[in-house]
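Descriptive analysis of the structure
Residue strings, one per chain:
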Amino acid sequence: MRTVEPISAGPRPGRVEIALAALTLFLFAEAFLPKLLAPGADMAAGEDESAFLRYLWLPFYALIGLGLVVRGRTALRAIVRSPLLMLLAAGAIVSALWSINPETSLRRGIAVLATTLLGAYLAASYSWRDLLRLLGAVWLALMGMSLISGIVAPGFAVMDEVHPGAWAGGWWEKNQLGGHAARAAFLMAFLAWRDGGARKLWAAGAAMSVVLVVLSTSVTSMLGALLGFGVLAAAWWTLRGKRHFLFLGWVGVVSVSALALALAVAPAAVFGLIGRDPTLTGRTDIWDALAGAISQKPWLGYGYGAFWGIDSEPRYWIQQAVDWAAPSGHNGWLDLAIGLGLPAAGLFAVDVVLTLWRAAKLSTVSPAGVFALGALTQILMFSLSESILLAQNSIIWATYAAISIKLALEPPVAAGAPVRSAVQSTSPAQATTRPSPAAVR
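Residues numbered from 1 in each chain as written. Predicted model: local features only at pLDDT ≥ 70, side-chain atom pairs only at ≥ 80, totals over all residues. Heavy atoms only, no water.

**Concerning the overall build of the protein chain**
Counting its regular elements, the protein chain contains 19 helices and zero strands. Burial statistics for the protein chain: of 441 residues in total, 52% are counted as buried. Pairs at least 24 residues apart make up 74% of the contacts formed inside the protein chain by residues separated by at least 6 positions. In the form shown here, the protein chain has an accessible surface area of approximately 19600 Å², with 69% of it arising from carbon and sulfur atoms. (Helix = DSSP H or I, 4+ residues; strand = E, 2+ residues; numbered from the N terminus. Buried < 20%, exposed > 50% of the residue type's maximum accessible area, 1.4 Å probe, protein only. Contact = heavy atoms within 4.5 Å. Areas by Shrake-Rupley, 256 points an atom, 1.4 Å probe, with all protein chains shown as cover.)

Pasting the structure below:
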């Protein structure tokens, strides 16, 4: 990338479709409504959602299906180009056959398939420009509502137990707000950089998101926000030429090597700098216990979403072993393996590698690749301490699926290709052909 250009105009869906997509994404953020409609069922503590909320998802699943039908061949191509993701989602449903709780695995498996198909719909229906603006608008609304609720209704949005004074916004727990705010901050900072027509709005949204990260007091979220901004800074730095790119690579290698050495020699000191102990607040104890549980069912797992069920016997023994009512494995990879087995985790690892490779290649000709790299690295970072991989009814998983599938739909990047304007403005229907000269610069 050599120039910074504004987002150019391009085709977009109709207003009604955009509004319905935004409403669906808002619901998939699992903010406000679950907390308002099921105040007695703390999902952050592993309790199941109310029957009303279960039925509330159904019309939105129907909307996703309708959207895919309307997109026709483009949607079909998006699904076909993402075999690993679709295989994982289908495996979640099939796992009901051997699950320790078949009903839960079937129900949640259908939900995670719908969530994955939401990603396919977004990838098939929106250009990079419109997709990022849509996501940005949804996160701007969520962050604004969280800030306002914390000011006018602190009893609702600010925690008074476990972490008194930490903001949770429209979610159950501070780490949820912090993680979402960190990802929103990166997205809106990217849009502030690339979307000149609404730069002030996105910059204000990014600043508000950073404030919410701080108010959440989540150290992991602060690191996640810094990671996102680091990706943007690195992209800006490389605009200055090849020598700056090589220097950045050298600094990155040295920094990672120094951190690895410090962790090997004095881990307690390193974690102490960020206010954490080497056990990561007891997470490593859970991971050790989960490793033993995985070794008992390594190939197929315990069934999607079944291991952490309220009445799950394996969950009971894990909690007894760590002396903590852990609601999840606090690690997306381990929870993926515990639900569907190690082969499923391996399949996802392959998809991650392919997606990162495609994002890196796209970043050489389009800033859309920079966004994809930043979003992916944030998701991967948070997956080390949160169970966000292959998660049903989750905007995080829908976003990962959308990025992965959209990158798979990208035309091959030719060596020495010219830099495209800000984010790709070609429509999904044009994705099968190389962009015309008017679409690149």
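Continuing now.
**Focus: the environment of Lys297**
Tracing the backbone shows Lys297 in the loop between α14 (283-296) and α15 (313-322). Sequence spacing of Lys297 and Ala337 is 40 residues, and the spatial spacing of their C-alpha atoms is 9.2 Å.

**Some remarks on the packing of aromatic side chains**
This structure, assessed with the given rule, holds 15 aromatic pairs. Centre to centre, the rings of Phe186 and Phe371 are 5.7 Å apart; their planes meet at 10 degrees, and the pair counts as stacked. In this pair, Phe186 is assigned in helix α9 (residues 174-194) and Phe371 in helix α18 (residues 367-383), connecting sequence segments 185 residues apart. We note that Phe186, like Phe371, is buried. Where Phe348 meets Trp397, the ring centres are 5.7 Å apart and the plane angle is 45 degrees; that geometry is what we call tilted. Placement of the pair is Phe348 in helix α17 (residues 342-363) and Trp397 in helix α19 (residues 395-409), with a sequence separation of 49 residues. Accessibility classification places Phe348 together with Trp397 in one group, the buried group. The cationic tip of Lys35 hangs over the ring face of Phe156; the distance from NZ or CZ to the ring centre is 4.6 Å. For Arg194, the ring lying beneath its charged end belongs to Trp193, and the centroid distance is 4.7 Å. (Phe/Tyr/Trp six-rings, centres within 6.5 Å; stacked < 30°, edge-to-face > 60°. Lys NZ or Arg CZ within 6 Å of the ring centre and 35° of its normal.)

**Side note on the side chain of Ser146**
By secondary structure assignment, the location of Ser146 is in helix α7 (residues 128-152). Discounting chain neighbours no more than four positions away, the residues touching Ser146 are Phe32, Trp167, Gly169, Gly170, Trp171, Leu177 and Leu212.

**Looking at a nonpolar patch on the surface**
Judged by side-chain polarity, Val94, Leu97, Trp98, Trp299 and Leu300 come together as a nonpolar surface patch covering roughly 580 Å² of accessible area. Considering the arrangement of structural elements, one finds Val94 in helix α5 (residues 83-94). Judged by relative accessible area, which is 40%, Val94 ranks as partly exposed. (Patch = residues over 30% accessible without salt bridge, like charges linked within 9 Å, V, L, I, M, F, W, Y side chains within 5 Å. Salt bridge = Lys/Arg side-chain N within 4 Å of Asp/Glu carboxyl O.)

**Describing the nonpolar core**
Membership of the largest hydrophobic core comes to 113 residues, with the highest contact counts inside it found for Leu122, Trp139, Leu142, Met143, Phe371 and Ile405. Take this core: its biggest share by element is 12 residues, from α9. Leaving out residues up to four positions away in the same chain, Leu122 has contacts with Leu25, Leu131, Leu134 and Ala402. (Core = buried A, V, L, I, M, F, W, Y, C linked by side-chain atoms within 4.5 Å.)

**Observations regarding the environment of Ala206**
Here Ala206 is to be found in helix α10 (residues 199-216). Separated by 24 residues in the primary sequence, Ala206 and Ala182 place their C-alpha atoms 9.1 Å from one another.

**With respect to the environment of Glu410**
The topology assignment puts Glu410 in the segment after α19. The class of Glu410 is buried, set by a relative accessible area of 13%. For Glu410 and Leu362, which are 48 residues apart along the polypeptide, the C-alpha to C-alpha distance reads 8.4 Å. A distance of 2.9 Å separates polar atoms of two side chains, one belonging to Glu410 and the other to Trp128. (Polar contact = N/O pair within 3.5 Å; in protein donor to acceptor, adjacent residues only side chain to side chain.)

**Some points on the side chain of Ser385**
Residue placement: Ser385 occurs in the loop between α18 and α19. The exposure class assigned to Ser385 is buried, which follows from its relative accessible area of 11%. Filtering out sequence-adjacent residues up to four positions away, Ser385 remains in contact with Thr220, Arg283, His330 and Asn331.

**Digging into α15**
All of the buried residues along α15 are Arg315, Ile318, Gln319 and Val322. For α15, the angular spread of the buried residues around the axis is 95 degrees, confining them to a single face. Exposed side of α15, more than 90 degrees from the buried face: Glu313, Trp317 and Ala321 are the residues found there. The secondary structure elements touched by the buried residues of α15 are α14. Capping the start of α15, Ser312 holds a side-chain oxygen 3.2 Å from the backbone nitrogen of Arg315, two or three residues further along. (Arc of directions from axis to C-beta.)

**Section: the packing of α17 against α18**
Geometry of a packed helix pair, given as the angle between the helix axes and the separation of the axes. Remark: α17 packs on α18, axes separated minimally by 7 Å, with the N-to-C direction vectors making an angle of 150 degrees. When the axes of α17 and α18 are compared, the pair comes out roughly antiparallel. Considering how the two elements wind past one another, α17 and α18 form a crossing that is left-handed. Residues Val352, Thr355, Leu356, Ala359, Ala360, Leu362 and Ser363 of α17 pack against Ala368, Gly369, Val370, Ala372, Leu373, Leu376 and Leu380 of α18. (Axes fitted to C-alpha atoms, helices over the stretch in contact; angles between N-to-C directions. Parallel < 35°, antiparallel > 145°, perpendicular 65-115°, else oblique. Left-handed = near helix turned anticlockwise from the far one by under 90°.)

**Structural notes on the pattern of salt bridges**
Inspection of the entire model under this criterion finds four salt bridges. Residues Glu17 and Arg71 are paired through a salt bridge, measuring 2.3 Å at the closest nitrogen-oxygen approach. Here Arg71 lies in helix α3 (residues 51-71) and Glu17 lies in helix α1 (residues 15-28), a separation of 54 residues in the sequence. By relative accessible area, which is 23% here, Arg71 ends up partly exposed. A salt bridge links Arg129 to Asp130; its shortest N-O distance comes to 2.7 Å. Accessibility assignment for this pair places Arg129 and Asp130 in one class, buried.

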